[in-house]
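The lines below spell out each chain.
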Amino acid sequence: MHSLWKRMLASLLALILLLSLAACQAGGGSGNPYSGEKLPVLMYHHVVEDGQECNDMTVTVSRLREDLQWLKDNGYTTVLPRELAAGEALPEKPVLITFDDGYRSNYNLAFPIFQEFEAKMVISVMVYMQDNAASDFITWAMCQEMVDSGLIEIGSHTYLLHNLDERGGSFDPQGVNGVQRKPEESDGDFQARVLDDIQRSYDLIAEKLEVSPTFFAYPFGLTEPDADGLIRELFPVTAVTLPKTADLSEGLWDLPRHTVTMNKSLDSILNPPLKTVVKAKIKEFLGM
């Protein structure tokens with residue numbers, strides 16, 4: 001019975017993959033340089049020294065080094081958003097590594113490891129923190145040093161919209177989060193609260209680092225139709241938090257990302273079991 005179930009799963013997966021391939025081929029004339037390309041995107045936040053307590057937004061120094069070693073051993077090459085935006089050819093096994101928020105640990109602990117492996121990453125900063133020299137976050141000088149290395153790109157995580165008010169940056173399950181529009185919010189109020197904030201984040205990064213940012217990470221992974229127009233005008237590459245591998249045939253906006261945590265290996269994230277792949281494909285095919 002177990003063997004029969006495995007054969008049925010394999011057959012169903014093959015059917016879904018064939019249908020997906022046909023859909024990609026049907027849209028192959030769109031001029032997308034990445035038609036048919038897949039790109040795993042990894043999402044990290046904060047790094048701590050070994051032995052310190054970790055949550056779902058934190059990994060240790062040793063874990064980060066292990067991840068970069070695993071990627072190297074398995075033939076992956078890191079890429080940057082600006083390379084995608086320029087339409088540069090992808091390596092055989094590309095991977096995009098992202099860090100959200102811009103914690104000071106990205107500079108003190110992560111950056112030296114990335115230099116050691118000559119690996120690339122994009123750090124999406126909550127620009128309010130750089131603008132106000134917040135002690136737990138990277139400074140403009142640190143951003144500049146990392147950008148000058150050629151390994152690091154600085155993206156936007158908005159200016160103040162990561163709930164940086166009385167909510168302390170935390171997600172509000174009962175309220176409006178990130179770039180979402182408030183119920184009954186006027187166009188003028190939405191412009192002042194959200195759109196001007198996004199523009200401000202872009203302008204400050206461009207001014208301070210003398211390079212226009214190409215990457216935007218939606219706070220909490222939540223998009224907003226009324227903000228997408230400006231975001232896509234400013235940023236050629238954007239990312240959310242849906243846990244699957246990006247299909248670049250669909251473009252460079254709203255790239256899904258795999259959250260990296262201490263309780264799940266990188267191998268299990270990028271090489272999930274067959275049953276997990278089948279379930280995910282079925283949900284995707286059914287639009288669930």
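Residues numbered from 1 in each chain as written. Predicted model: local features only at pLDDT ≥ 70, side-chain atom pairs only at ≥ 80, totals over all residues. Heavy atoms only, no water.

Q: What am I meant to see in the side chain of Asn32 here?
A: Examined against the element boundaries, Asn32 turns out to sit in the loop between α1 (2–26) and β1 (38–39). Within polar-contact distance, the side chain of Asn32 engages the backbone nitrogen of Tyr34 at 2.8 Å. A distance of 2.7 Å separates a polar atom in the side chain of Asn32 from the backbone oxygen of Leu248. Ignoring anything within four residues of it in the chain, the contact list for Asn32 reads Leu248, Ser249, Glu250 and Gly251. (Helix = DSSP H or I, 4+ residues; strand = E, 2+ residues; numbered from the N terminus. Polar contact = N/O pair within 3.5 Å; in protein donor to acceptor, adjacent residues only side chain to side chain. Contact = heavy atoms within 4.5 Å.)

Q: Is there a simple way to think about the packing of aromatic side chains in this case?
A: Each pair of aromatic rings is reported with the distance of its centres and the angle of its planes. Throughout the structure, instances matching the rule amount to 10 aromatic pairs. Relative to Phe99, the ring of Tyr44 has its centre 5.1 Å away and its plane inclined at 10°; by these criteria the two rings are stacked. Placement of Tyr44 in strand β2 (residues 41–44) and of Phe99 in strand β6 (residues 94–101) is noted, with a sequence separation of 55 residues between them. With respect to class, Tyr44 is no different from Phe99; both count as buried. Ring geometry for Tyr128 against Tyr159: centres 5.9 Å apart, planes inclined by 90°, an arrangement best described as edge-to-face. Highlighted residues: Tyr128 in helix α5 (residues 127–131) and Tyr159 in the loop between β8 (152–156) and α7 (187–209), separated in sequence by 31 residues. For Tyr128, a relative accessible area of 31% puts it in the partly exposed group. In this structure an aromatic cluster arises from ring pairing among Tyr202, Phe216, Tyr218 and Phe235. We note Arg181 situated over the ring of Phe190; from NZ or CZ to the ring centre the distance is 4.8 Å. Directly above the aromatic system of Tyr159 lies the positively charged group of Arg200, at a separation of 4.0 Å from the ring centroid. (Phe/Tyr/Trp six-rings, centres within 6.5 Å; stacked < 30°, edge-to-face > 60°. Buried < 20%, exposed > 50% of the residue type's maximum accessible area, 1.4 Å probe, protein only. Lys NZ or Arg CZ within 6 Å of the ring centre and 35° of its normal.)

Q: Help me out: how do you make sense of the nonpolar core in this one?
A: Across soluble globular proteins, nonpolar side chains show a tendency to be buried alongside one another. Grouped together as the largest cluster of nonpolar side chains are 42 residues, with contacts concentrated most on Leu71 and Phe99. With seven residues, helix α4 (residues 105–117) is the largest single contributor of residues to this core. If near-sequence neighbours (up to four positions away) are discounted, Phe99 is found in contact with Tyr44, His45, Val47, Leu64, Asn106, Ala110, Phe114, Met121, Val122, Ile123 and Ser124. Membership of the second largest hydrophobic core comes to 16 residues, among which are Tyr34, Val41, Val79 and Leu84. (Core = buried A, V, L, I, M, F, W, Y, C linked by side-chain atoms within 4.5 Å.)

Q: Just to check I follow, could you spell out the packing of helix α6 (residues 140–148) against α7 for this structure?
A: To characterise two packed helices, one gives the angle between the axes of the helices and the distance between these axes. For the pair α6 and α7, the least separation of the axes is 10 Å and the interaxial angle reads 70°. Considered as vectors, α6 and α7 are oriented roughly perpendicular to each other. Handedness of the crossing formed by α6 with α7: right-handed. Side by side, α6 and α7 meet where Trp140, Cys143, Gln144 and Val147 of the first sit next to Leu204, Ile205, Lys208 and Leu209 of the second. Here the residues of the contact of α6 with α7 are counted per class, giving six nonpolar, one polar and one charged. (Axes fitted to C-alpha atoms, helices over the stretch in contact; angles between N-to-C directions. Parallel < 35°, antiparallel > 145°, perpendicular 65-115°, else oblique. Left-handed = near helix turned anticlockwise from the far one by under 90°. Nonpolar A, V, L, I, M, F, W, Y, C, P; charged D, E, K, R; others polar.)

Q: When you look at the environment of Thr98 in this model, what are you seeing that I'm missing?
A: Checked against the element boundaries, Thr98 lands in strand β6. Thr98 gets classed as buried once you look at its relative accessible area, which sits at 0%. Once residues within four sequence positions are removed from consideration, Thr98 is found in contact with Val41, Leu42, Met43, Tyr44, Val122, Phe215 and Arg257.

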